[in-house]
Structures are given as structure tokens and as C-alpha cells.
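A structural walkthrough
Each chain, letter by letter, is given below.
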There are 2 protein chains.
Amino acid sequence: MSVIVQKYGGSSVATTEKIKKVAETVIKRQKKGHKMVVVVSAMGDTTDDLISLANGISKKPDKRELDALLSTGEMISSALLAMAIKDMGYEAISYTAYQIGMKTSGQYGKSLIEDLEVEKINKSLKEDKIVIIAGFQGINEIGDITTLGRGGSDTTAVAIAVKLDGICEIYTDVDGIYSTDPRKYSDAKKLKEIDYEEMLELASLGAQVMHSRSIELGQKYGVPIYVGLSCSEIEGTVIREVNNMNMESKPVTGLATSDEDIAVTIKGIEQNINILSNIFEVIGSRKINIDMISQTAPIDGKVNVSFTIPKDDTYECMSIIKQFTEEKNIFIDKDITKFSVVGIGMKTTSGVAAKMFKIFSDNNIDVKLITTSEIRITCAIKQEDKGKAINLIANKFNL
Amino acid sequence: MSVIVQKYGGSSVATTEKIKKVAETVIKRQKKGHKMVVVVSAMGDTTDDLISLANGISKKPDKRELDALLSTGEMISSALLAMAIKDMGYEAISYTAYQIGMKTSGQYGKSLIEDLEVEKINKSLKEDKIVIIAGFQGINEIGDITTLGRGGSDTTAVAIAVKLDGICEIYTDVDGIYSTDPRKYSDAKKLKEIDYEEMLELASLGAQVMHSRSIELGQKYGVPIYVGLSCSEIEGTVIREVNNMNMESKPVTGLATSDEDIAVTIKGIEQNINILSNIFEVIGSRKINIDMISQTAPIDGKVNVSFTIPKDDTYECMSIIKQFTEEKNIFIDKDITKFSVVGIGMKTTSGVAAKMFKIFSDNNIDVKLITTSEIRITCAIKQEDKGKAINLIANKFNL
């Protein structure tokens, strides 16, 4: 009998009515002969409400305490879902991170799952209980509560599926993965399946459907991840290793944009001093995601470097950089949209970048920064050009 | 350097502004050279809001899950208070029940503290941190979250004071213990000190200032408990062993009323069968508080028995009694107020009961049930007579 690990996002458990609906759906699935583990996010806007509460106390809330605070959101929804299932006459039990020994490491607010104990879960499953797990949270080596970062419940679900050798299903408020955001481009196509690599690029580029670490984890352990609409029969998308690349496969499968970053440029850095690697090392050790690093050729032994960082980390990042260089050499551009195209097919099809830049140039879209990987091309463009760029590129590559 | 364990009730931490005020008060106290441990209740109406949420899911929410749900209220307030203190530049750390090994036993919703580990608390105090503890919660022998019952944070605070050999201060929205409820009798007098026994009687009789188990615990280990208004200089009341009873001491120190119970009467029980002790044993094993048990003399070998139970436990209690006797023999009276006078002085002063009954009789107040102990007299009267009775008795005994 297979174990199914389902995850329901915040919008799927936003009200008591929706929680009851999830309970019914989970029970129906159990009746088909599966052992059910359900990971839940916090109800609706609970996490944002708790953050507002913290901001009412402090402009820069202590990170340990913020994690302790935020973890309560998932405890509430998991207890309520277990109650709902029991009220319908089926056995259920909720567990917090503490109770299943969900061990984490790293920073508060963006900790990483190290391991978890499956004894309690397995015992409860053997007793035919539906096991409900509070997602998003863990306990670090000194016994503090930590959280996994926004969307972290996805990673909780995949980690549990890995440990239980189960199937993983992520239920959310979208009915699958699209080639590009259907809210931004109405002709966007839903994918039946997508490779982990492609999904990872899309996720890291602002396709907010999934927590990217959950995809990495699924890829590492070969666990396919189904993504679909909560409590619905509509078929979603499976994220798995896509091997059957054929001649007809498209070079570009997805397009994503993100307005969540700012561009930082540092001017006139001495090339022979190791300032850059020092800056990046310190920023990296704070688990701040640096992206789109680009360096111009040296002039008089000095180089200019640009990169992007998440808006939220601006303050912390600036205070690090200022330790290494004068403030007058630091330039910030807040008006950027990261615009990316992704496709496993790019490995074998050349000229994608050239086509893209030609389209931008023909349509007066300025490109501020460019970075590429084997399967993606990302440009930073002005935010006002975003809509135009999506239409042009999606049309060109038939997304 | 002495350890002070303070407890702040829900109304004292109802808003972020009030939490900041508590933070200031605690810091000020620490600056006077004390090691500070602070136990907090859930913010304002949080517990009631969570109960409403549970009732939206189920008419009879599963008790294990309800406890898991309710425990989040105190986690929220403790994390916020720690944040507030850190924001003011002082060191603080919040702990949940899990983190300080707060072991409990007994039923969900009304569990009892067995023990707690003080290592983490002591380590943090040694580092000059203000330690914030989520009250009201514990972990039972199978690792489930349990709660201590309404007002249970008082007991959390006293238990920690006992283990740390500290001083215990309970801060709430009243400025001390009064001879009777000042909201019901405007001439009520505030007591400078009160004996544990008197306070216990008052607490069990509906003076809702304190969780009665906290007073028992203080008495058992000889820890005085100060009760006063949050963040105020107004002097409150100390609950301790009052030995210096002198000739002038009043026979009655306090008066309390409660509308939280119903009276149950069982008619025609065979005297020679052990039905009654069986009924009481089962009810007791469910941790339901039976009070005011009174039995009339047998007629034809049959007796009538009356007692009171908390309104909230009516359903559970009735289903137990029905296992032992026919429904037609059970009578319920919902229109009762428990009216009690309490005083250590009653041990040495006789005639208190006689005076009280005379006043009731002279003023047409029907007495439905009577029970007495060494230091208290309790009558069940009609709810409509409550106001009149309070005025008459408080006036008579100069309360």
C-alpha cells in the first residue's frame, strides 16, 4: 500500500469551510487504499498577519523570535484539519516539527531540512490514521524553532515523501505549471510534465508556484512531484526527469518574470584585490541570494560589477558592501524586471539568445543585465517593458 | 541575586502597545538587579478566537487537537514579548513547553504539571537574558501538547518559581484580591494579604482572579504569590501563610459568587447499593469538579442526593449518570448562584452560618443547597437574589 504525501497551500485551507473540503478530499483518497500524510501551510493570510504583528513590535524583529511566531500558523491549520477529519468519523493526528524531529540547520527564516524521524508517522499510519504535519517549520541543533522560508511547506512535503518512499502531491490555487504566468499572458499553455531542471529555473526566476528547494529535493531523490488545483479533478503537471527529448521538442518551454529584485553596481573595484569574492562570501553566508553577477573588462586595473539581490535583503546587503567599499561607488537600480526563458531544449538548440536579443532590440526594450546558463537566459529589463516583452517572446517561442 | 517569575495575563498583553509596556516594566525590574522570568498568557481574546475557529470545524472538537490549537496563543505572545525586549536593546529569549520540558499528565484541556527542566532557563538567566515562557501548556508522556485549563498560566508561573526558588508575581487587570467582587459590591475592600486556604476557597468559588491550582502549588512549596495590576505602582495582595491571626481578625474575609454551575439531584437511590460512589468515581476520573454534595436521610431505604457541576460539563456528566440510574430520577436546576463566605477566622468564631441564614430568611432569599467547610460556607441561591445577598452579607460582615 503506497504512502501519498499531499501538501495544501494557504489558500486551500484559508477558511474552516475550505479545511472541511480538504478533509473530505483526503478521506476520499484514503478510502481508495492509500496511507495518507498531509502537510499544511498556514491558513490564508495568517503568516502575513503574524508578520504585521511582529512589525508592530519592532521594525527589525529578532529572527529567532520571528520564526517561533510564524511557526504557529501551521500548527493552527494542522490541528484544525485533524479535527475536521475526526469530526467526519475518520482517524487523524496532527504533528508539529518538534514531534516528528524535523531537524534543520542554517539561518532562521531560511533554514534547511537536515533529517526527520518517521517512527511516529509510521506508527500512526499503521493505525490507519491520516497524519497531518505542520509544514514550513523545523527545529535546529540548539532546539530553536526555525522556518524554511516562504513556501517552505512544499519542501516539508517532499522531504517526508522521500523518507517514506511515497508519492508527493502539491495542491495549490493554480491547476498546474504553465509555460508562462497565465495572469500575465492569457495564451499561456499548461504543461503535462516538466523536467526538474526546467522547473527549478522557473521557480528561482519568480514562477511562485513552488518552493525551489522542494524541487531540488525531489530531483536529488528521484521523487516525482505532482502539482495541481486543490480538491479538483482537473489534471495538473508532474515534475520529474524528462528523458524522452525528441527532435520536435521546443527549445524554450517556459518564461518567467520577477520584480522582486534590485540591481546593485559597484564601480571601480581594484582588480587585484580580492574584494569581490569577500563581498560575495559574506553575503552568501547570510543566505542572501545573489543573482545575475556580471563583470566588465578591467580599465586601468579597475572593474565594474553588477548583480541582483532580493529587495527584502537590501538593507542587510548594503551594510555588508559598505564594509568593503565607499558608498559613492555603489549604485542601485530599483526599476528592474528579471525576464527569463527556460528550456532543456536550449542544450541542443542554439541561437535562442540571439533571437531574443533581436526581438528586444527591434522593439526598443533596453536590456540592463544579461546572464545565461545551459538551459536559461535571463535579462534585466525596465519594469514598464515587462508586458510587451512577455507578449513578444511567448509569441515567438509558441509558449 | 533573586529570580523573579512574573506572569502577565491576556488583557496585559492584548495589543502590541501593551506588550511593549510589559517589556519596559520587565526591563526596569531587571535593572534593579533581578534575574527575570516572564510567563505570558495568550493575547486578549486569542484563546476564545481559536475556540471559535475549532467550533467552526466541529461541534465537539477533538481534545488532543484542541490543545495543540490553543497552545499557539501563548507561543505568539511569548515570541512577541521577547521581540519587544530585544528591540529595546536588552537580551531576551522565548521558550515553549517543549523547549523547557514542561511535563504534564492527565486529561487534555485540564492537564497537571508533573515537572519541568530548568537547565535552559538557568543557562539563559546566567547570560543575563530575560526568559519568556509560553504559559498554559505542557507536553504529556506520549509527547502530545496539553493545556492546563483556563487561567493555567498562573500555575505555569508558580511551578517555575518553585523550581527556581524564586519569587512569584501574577499581574492581571485587577489591582489585588478584594473581600468580594468590586464590580458587584462597590464598597469591597482590597486585602493586603490573604492566606492560601482563604484564597483557595475564594478561587474555587468563582473569584476568577487566580487559577486555583497555582495557589495549591504555592501553598505546597511555601512560595508567596503577589497579585497586582500590570505595569502599575499600586500595591496588590500577597497570598501566603497568614499565621498572625489576632483577636481583632474578622471571621469572614471574603465573599464570592459564581453562576457557572448547575445543580443536579438524583432521586430514590437505593442506599445499600454503591451507586453514588460509582457515579462520583467515574465523574471524578474525568476531572469534572463536583461540589456541594448533600444527601438527605434515607426514607424506605432510599436517598436523594444533590450536587453541583460546572455548566460546561453538563453533557458529559449526564451521560455518565444515565449509565447508573433512570433518566426520570435525574433533576437539573440551572437557576443557581453559588454564594460563599470564606475566612480563616471561622475556625475560631462560631455562629457565622447562623447569622448568614438568619439574614437570608429575613429577606426572603431561598437557600437551595448548603455545604460548609472549616473556613467557608456556601449556599446555592436563585440567581435573581444574588445582588441583594451580596449587599446584605458584605454589609453585615464589613467586607
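Residues numbered from 1 in each chain as written. Chains lettered and ligands numbered in written order. Predicted model: local features only at pLDDT ≥ 70, side-chain atom pairs only at ≥ 80, totals over all residues. Heavy atoms only, no water.

Some words on the overall build of chain A
Put simply, the rule is: Helical segments are the DSSP runs of H or I of at least four residues, strand segments are the runs of E of at least two, and each set is numbered from the N terminus. For each residue, the accessible area found with a 1.4 Å probe, counting protein chains only, is set against the maximum for its type, and the residue is called buried under 20%, exposed over 50%, and partly exposed in between. Two residues form a contact once any of their heavy atoms are found within 4.5 Å. Surface exposure here means Shrake-Rupley accessible area, sampled with a 1.4 Å probe, where a residue is shielded only by the protein chains that are shown. We treat Lys and Arg as the positive residues and Asp and Glu as the negative residues; His and chain ends play no part in the count. Just so you know, the charge point we use is NZ for Lys, CZ for Arg, CG for Asp and CD for Glu.
Secondary structure assignment for chain A yields eleven helices and 20 strands. Counting only C-alpha atoms, chain A reaches 75 × 50 × 35 Å along its principal axes. Counting all 399 residues of chain A, 54% fall into the buried class. Across chain A, the fraction of contacts at a sequence separation of at least 24, relative to all contacts at a separation of at least 6, is 74%. For chain A, the exposed surface amounts to about 17600 Å²; the carbon and sulfur share of it is 48%. Positive and negative side-chain charges in chain A, numbering 49 and 55 respectively, have mean positions lying 2 Å apart.

A short note on the pattern of salt bridges
All names here are of chain B. Which entries qualify depends on this criterion: Any Lys or Arg side-chain nitrogen found within 4 Å of a carboxyl oxygen on Asp or Glu counts as a salt bridge.
Counted according to the given criterion, the structure contains 58 salt bridges over all chains. Linking Arg 150 and Asp 48 is a salt bridge whose minimum nitrogen-to-oxygen distance equals 2.8 Å. Of this pair, Arg 150 sits in the loop between β8 (145–147) and α5 (153–164) while Asp 48 sits in helix α2 (residues 46–57), placing them 102 residues apart in sequence. By relative accessible area, Arg 150 is classed as exposed at 57%. Put simply, Asp 291 and Lys 338 hold a salt bridge, and the shortest N to O gap is 2.7 Å. Taken together, the residues span a long stretch of sequence, with Asp 291 in strand β15 (residues 291–295) and Lys 338 in strand β18 (residues 337–342) at a distance of 47 residues. An identical accessibility class is assigned to Asp 291 and Lys 338; each is buried.

Re the interface of chain B and chain A
Put simply, the test is: For any pair of parts, buried area is found by adding up, for both, the accessible area (1.4 Å probe) each one loses once the two are put together. Each polar contact in these results corresponds to two N or O atoms within 3.5 Å; when the atoms are within protein, one needs to be able to donate a hydrogen and the other to accept it, and residues that are neighboring in sequence are counted only if both atoms are side-chain atoms.
On the chain A side, the residues contacting the 41 residues of chain B number 41 residues. Taken together, the two surfaces of chain B and chain A that pack against each other cover about 3200 Å², and 67% of this comes from carbon and sulfur. Looking at the side of chain B facing chain A, the largest losses of area belong to Ile 57, Glu 65 and Met 83 of chain B, adding up to 22% of the total buried there. Remark: the boundary between chain B and chain A carries two salt bridges. The salt bridge partner of Asp 62 of chain A is Lys 86 of chain B, with a shortest N-O separation of 3.1 Å. Put simply, chain B and chain A have 13 residue pairs in polar contact (both at pLDDT 80 or more) between them.

Details of the environment of Ser 212 of chain A
Residues and elements named next belong to chain A. If you trace the backbone, Ser 212 turns up in helix α7 (residues 212–221). Residues Ser 212 and Ile 332, spaced 120 residues apart in sequence, show a C-alpha to C-alpha distance of 27 Å. Apart from the residues within four sequence positions on either side, Ser 212 is in contact with Leu 200 and Ala 203.

Observations concerning the packing of aromatic side chains
Residue and element names in this part refer to chain A. Our working definition: Two rings from Phe, Tyr or Trp (for Trp, the six-membered ring) form a pair when their centres are within 6.5 Å of each other. A pair whose planes differ by under 30 degrees is stacked, one over 60 is edge-to-face, and the rest are tilted.
According to the stated counting rule, one finds nine aromatic pairs over all chains in the structure shown. Centroid distance Tyr 171 to Tyr 226: 5.9 Å. Interplanar angle 55 degrees. Geometry classified as tilted. Separated by 55 residues along the polypeptide, Tyr 171 in strand β9 (residues 167–172) and Tyr 226 in strand β11 (residues 225–229) bring together distant segments of the chain. Using a relative accessible area of 9% as the deciding quantity, one classes Tyr 171 as buried.

Some words on the side chain of Ser 94 of chain B
Following the sequence through the fold, Ser 94 of chain B ends up in strand β3 (residues 92–95). Here the side chain of Ser 94 of chain B touches Glu 65 of chain A through a polar contact of 2.5 Å, side chain to side chain. If sequence neighbours within four positions are ignored, Ser 94 of chain B has contacts with Arg 64, Glu 65 and Ala 68 of chain A together with Ser 78, Ala 79, Ala 82, Gln 99 and Ile 132 of chain B.

Looking at the relation of the copies chain B and chain A
Note the following rule: Here the copies are superposed with least squares, the fitted atoms being C-alpha atoms of residues at a pLDDT of at least 70 in both.
When chain B is brought onto chain A, the operation consists of a screw motion whose angular component is 179 degrees and whose axial shift is 0.0 Å, with 0.1 Å RMSD remaining. As the rotation angle and translation indicate, the two copies are arranged about a two-fold axis. Every residue of chain B has its C-alpha some distance from the rotation axis, and the shortest such distance is that of Thr 72 of chain B, at 2.7 Å. Both copies contact each other with a shared surface, as 100% of the interface residues of chain B are interface residues in chain A too.

Overview of helix α8 (residues 275–285) of chain B
Residue and element names in this part refer to chain B. Filter applied, for reference: In this description, one arc is meant: the one made by directions from the helix axis to the C-beta atoms.
Turning to α8, its buried residues number three or more, namely Ile 275, Leu 276, Ile 279, Phe 280 and Ile 283. What you see down the axis of α8 is that its buried residues fit within an arc of 125 degrees, all on one side. Buried residues in α8 make contact with β14 (261–270), β15, β16 (302–310) and α9 (314–321). Count one or two residues on from α8 and you reach Lys 287, which has phi positive near 60 degrees.

Section: the nonpolar core
A general tendency of soluble globular proteins is for nonpolar side chains to be buried together. As a reminder of what qualifies: What is meant by a nonpolar core is a set of buried Ala, Val, Leu, Ile, Met, Phe, Trp, Tyr and Cys residues, joined one to another through side-chain atoms within 4.5 Å.
Within the largest apolar cluster, 153 residues are counted, with the highest numbers of intra-cluster contacts made by Val 37 and Ile 160 of chain A together with Val 37 and Ile 160 of chain B. With residues near it in sequence (within four places) discarded, Val 37 of chain A still touches Val 3, Ile 4, Val 5, Gln 6, Ile 121, Leu 125, Val 131, Ile 133, Ile 160 and Leu 164 of chain A.

Observations concerning helix α9 (residues 314–321) of chain A
An α-helical turn contains 3.6 residues, so a residue and the one three or four places further along point in the same direction. All names here are of chain A. Most of α9 is tucked away: six of the eight residues are buried. Along α9, the residues classified as buried are Thr 314, Glu 316, Cys 317, Met 318, Ile 320 and Ile 321. Buried-residue contacts for α9 involve α3 (63–87), β14 (261–270), α8 (275–285), β16 (302–310) and β17 (330–333).

A word on the pairing of strand β18 (residues 337–342) of chain A
Residue and element names in this part refer to chain A. We count it as follows: Two strands qualify as a pair provided DSSP detects at least 2 bridges between them.
Burial within β18 is extensive, with six of its six residues counted as buried. Burial of β18 is two-sided: the residues Thr 337, Phe 339 and Val 341 facing one way and the residues Lys 338, Ser 340 and Val 342 facing the other way are all buried. Pairing between β18 and strand β20 (residues 376–381): six bridges, direction antiparallel. The partner of Val 341 across the bridge, within β20, is Ile 377.

So, the confidence of the model for chain A
For residues with low pLDDT, the predicted coordinates do not support detailed interpretation. For clarity, the threshold we go by: pLDDT is a per-residue confidence score from the predictor, ranging from 0 to 100.
Summarising the model, chain A shows a mean pLDDT of 89, and 95% of its residues fall at 70 or more. Under the prediction, the complex receives an ipTM of 0.76, its pTM being 0.78.

Re the sheet that holds strand β3 (residues 92–95) of chain A
All names here are of chain A. Note the following rule: Structural elements are reduced to axes, namely lines fitted to C-alpha atoms, with helices fitted over the stretch in contact, and the angle between N-to-C directions of any two is expressed from 0 to 180 degrees.
Spatially, the eight strands line up as an open sheet ordered β3-β6-β2-β1-β9-β11-β12-β10, and their pairing is mixed. Each of the sheet's edge strands pairs with one partner strand only, and the pair in question is β3 and β10 (193–195). Neighbouring strand axes in the sheet, compared pairwise and without regard to direction, differ in orientation by 20 degrees on average. Of the strand pairs in this sheet, β3 and strand β6 (residues 130–134) are connected by four bridges, and their pairing is parallel. Looking at the pairing, Tyr 95 lines up with Ile 133 of β6. Strand contacts of α3: β2 (35–40), β3 and β6, with the helix running at about 165 degrees to β6, the strand carrying the most contacts.

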